[in-house]
Amino acid sequence: MSLSVSRCVAVTLAALLTLVTTACGGEKAGERPPGAARTVVALTFDDGWATQSTAAELLRKHHLTGTFYINSGFLGRPKRLTKAQVDGLVAAGNEIGGHTLTHPRLPTLPEAAQRREICDDRRALIDMGYKPRSFAYPYGMFDATTMTLARECGYDSARRSGGIAPPSDPCPKCARSEDVTRTDHYRLRSLPAVRATVTLDTLKEYVTQAEKRGGGLVTYQFHNVCDGCDPFGVSPRVLDGLLGWLAASGVQVRLFGDVVGGPFRPAPPAHTGAGPAPRLSAGA
Ligand SMILES: [Zn+2]
């Protein structure tokens, strides 16, 4: 218990330091309002869709990096990124996180099956040469068991799907950003999954609404990057506009794992429980 508490304190301090460093780095006094300096943006991409190669090009164009939550069981399948493409993401400075083997609704599974989905996926990513620190819950679904397993499998954080209110919601008590110094690192909020109908102005407003309320972490959650291929596919034109605006605005854009987590942790011992290997399905 004391070890985990110490670690928690250490991680919290590290996260705080990151935010403080971020707040002090490269900003001239008076250039932005005080709250703006404390705003950090994380760009996250889920499911390893092949169209995310377009995101990689746009990130490179704007000298930014993002976090890609990959399902190792889908790598190289039709419409998914290939191993070579993921290697390219890493070479460009992007982060590879875990998203389970087969993208199940984790809380509906027995604990042993959940453990295989999370731990075996992370181990597969490590065996492929990656250093996954960050995890995202498929469909944003989790419970207390899932949270514990994400930690036990060696992840430093787990990202939910949503929890940050859209700018159109006037709710006075709704979260406009995440505070990684206060929130459990295995239930960190993001924007709702970006839909094909989103406008560039709305995406910008997520940052400006956080700035008005003292900053914090604003995590975008993207899936496909395309025009008309998916209700959750962001238009490359809109993503290009957002990245260009972020790059020009001075808002800090960081890898999710750098904002939240500590150093990479090796894989836990191999799963020794009974039961068949999870069946790979094509769902996402
Ligand atoms: Zn997903």
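Because the structure is predicted, anything quoted here is derived from the model rather than measured.

Conventions and cut-offs
- Residues numbered from 1 in each chain as written.
- Predicted model: local features only at pLDDT ≥ 70, side-chain atom pairs only at ≥ 80, totals over all residues.
- Heavy atoms only, no water.
- Donors = N, O, S within 2.8 Å, 3.2 Å for Na, K, Ca; no water.
- Buried < 20%, exposed > 50% of the residue type's maximum accessible area, 1.4 Å probe, protein only.
- Disulfide = S-S within 2.5 Å.
- Helix = DSSP H or I, 4+ residues; strand = E, 2+ residues; numbered from the N terminus.
- Axes fitted to C-alpha atoms, helices over the stretch in contact; angles between N-to-C directions.
- Left-handed = near helix turned anticlockwise from the far one by under 90°.
- Contact = heavy atoms within 4.5 Å.
- Pairing = 2+ DSSP bridges.
- Salt bridge = Lys/Arg side-chain N within 4 Å of Asp/Glu carboxyl O.

Quick notes on the coordination of the zinc ion
- For the zinc ion, the protein coordination sphere consists of D47 (OD), H99 (NE2) and H103 (NE2), at 2.0 to 2.1 Å.
- We classify D47 as buried; its relative accessible area is 3%.

Observations concerning the state of the cysteines
- Scanning the entire structure with this criterion turns up 3 disulfides.
- Across the disulfide from C119 sits C153; the S-S distance is 2.0 Å. Measuring handedness by torsion sign, the sulfur bridge of C119 and C153 sits at about -90° and is left-handed. With C119 in helix α5 (residues 111-127) and C153 in the loop between α6 (144-152) and β5 (157-163), this residue pair connects regions lying 34 residues apart in the sequence.
- A relative accessible area of 5% places C119 in the buried class.
- A disulfide bridge connects C226 with C229, and the sulfur atoms are separated by 2.0 Å.

Focus on the packing of helix α7 (residues 200-212) against helix α8 (residues 236-249)
- Packing of α7 against α8 brings their axes to within 9 Å, and their N-to-C directions diverge by 35°. For the element pair α7 and α8, the recorded crossing hand is right-handed. Contact residues: L200, L203, K204, V207 and T208 in α7; V238, G241, L242, W245 and L246 in α8.

Considering the pairing of β5
- Across 3 bridges, strand β4 (residues 134-136) lies against β5 in parallel orientation. Across the sheet, F135 pairs through a bridge with A158, a residue of β5.
- Pairing analysis gives 2 bridges linking β5 to strand β6 (residues 188-190), with the strands arranged parallel. In the strand pairing of β6, R159 is matched with L188.

Regarding the pattern of salt bridges
- Tallied over the full model, the rule gives 11 salt bridges.
- Close ionic contact of E178 with R189 constitutes a salt bridge, the shortest N to O distance being 2.9 Å. Note that E178 is positioned in the loop between β5 and β6 and R189 in strand β6, a separation of 11 residues in sequence.
- Residue classification places E178 among the buried residues on the basis of a relative accessible area of 1%.
- Classification of R189 by relative accessible area gives partly exposed; the value is 22%.
- Where D179 meets R182, a salt bridge forms, and the shortest distance between an N and an O atom there is 3.6 Å.

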